[in-house]
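# Residue-level structural notes
Take a look at the letters that make up each chain.
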Amino acid sequence: MVAALMALAMAAGSPAPASPAPAFPVEGVWHNPKNSVAVKTGACPDKTGGSKLCGWVVRADEEAQGDARDGGTPKLIGTALLREYRPSGRNRWSGQIFVPDMGRTFGSTLTLVDADTIDVKGCLIGGFLCKTQTWRRG
């Protein structure tokens with residue numbers, strides 16, 4: 001009886017288990033500047049058994065979906081736009097970005113500006129002709 005009371009007292013005083021911290025501080029849902037697309041980022045497995053950062057389209061307006069279809073991507077929602085990003089400096093990740101309306105993949109970096117803002121930069125080969133978009137956490 002004493003052991004049962006001790007166990008009950010210990011359980012009542014124990015804090016609730018904390019939810020696990022995200023593997024990457026950029027995990028979450030992000031919206032592009034026109035709010036036409038939302039991308040959910042999270043860990044994705046790599047070939048070595050580790051994890052990298054990826055991002056999948058979870059919402060897209062009709063215009064974005066039409067542009068993707070015109071570029072050869074028939075189903076935009078569920079498509080991985082951010083692929084195999086790995087840390088490449090403080091608050092920075094490097095990987096590949098898929099641009100559905102072009103049907104092409106480019107070298108890219110993500111930079112965490114603050115808790116609710118990332119800069120997504122994509123460049124042609126060699127880092128020339130780059131474009132940066134600021135995405136907001138949603």
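The rules we used
Residues numbered from 1 in each chain as written. Predicted model: local features only at pLDDT ≥ 70, side-chain atom pairs only at ≥ 80, totals over all residues. Heavy atoms only, no water. Patch = residues over 30% accessible without salt bridge, like charges linked within 9 Å, V, L, I, M, F, W, Y side chains within 5 Å. Areas by Shrake-Rupley, 256 points an atom, 1.4 Å probe, with all protein chains shown as cover. Salt bridge = Lys/Arg side-chain N within 4 Å of Asp/Glu carboxyl O. Helix = DSSP H or I, 4+ residues; strand = E, 2+ residues; numbered from the N terminus. Buried < 20%, exposed > 50% of the residue type's maximum accessible area, 1.4 Å probe, protein only. Lys, Arg positive; Asp, Glu negative; His and termini not counted. Charge placed at Lys NZ, Arg CZ, Asp CG, Glu CD. Polar contact = N/O pair within 3.5 Å; in protein donor to acceptor, adjacent residues only side chain to side chain. Contact = heavy atoms within 4.5 Å. Pairing = 2+ DSSP bridges.

The name given to the protein in an unreviewed UniProt entry is DUF2147 domain-containing protein, and the organism recorded there is Sphingomonas albertensis.

## Here we look at a nonpolar patch on the surface
Side chains of Leu124, Phe128 and Leu129 sit close together on the surface and give an oily, nonpolar patch of about 340 Å² of accessible area. As for its position among the elements, Leu124 is in the loop between strand E7 (117–123) and strand E8 (130–137). Here Leu124 falls in the partly exposed class, since its relative accessible area comes to 30%.

## Observations concerning a negative patch on the surface
A surface patch of negative charge is lined by Glu63, Asp67, Asp70 and Asp101. Its location among the elements puts Asp67 in helix H2 (residues 62–70). Residue classification places Asp67 among the partly exposed residues on the basis of a relative accessible area of 33%.

## With respect to the side chain of Gln65
Structurally, Gln65 can be placed in helix H2. Here Gln65 falls in the buried class, since its relative accessible area comes to 17%. A polar atom in the side chain of Gln65 sits 2.7 Å from the backbone oxygen of Ala60. Filtering out sequence-adjacent residues up to four positions away, Gln65 remains in contact with Ala60, Leu76 and Ile77.

## Points about the pairing of strand E6 (residues 104–114)
Where strand E5 (residues 92–99) lies against E6, eight bridges are found, and the strand directions are antiparallel. Among the inter-strand pairings, Val99 is bridged to a residue of E6, identified as Arg104. The turn linking E5 back onto E6 is made up of four residues, and Gly103 within it adopts a positive phi angle of 65°. Relative to E7, E6 runs antiparallel, the two being bridged by seven bridges. The residue of E7 that forms the bridge with Gly107 is Cys123. Linking E6 back to E7 in an antiparallel pair, the connection comprises two residues.

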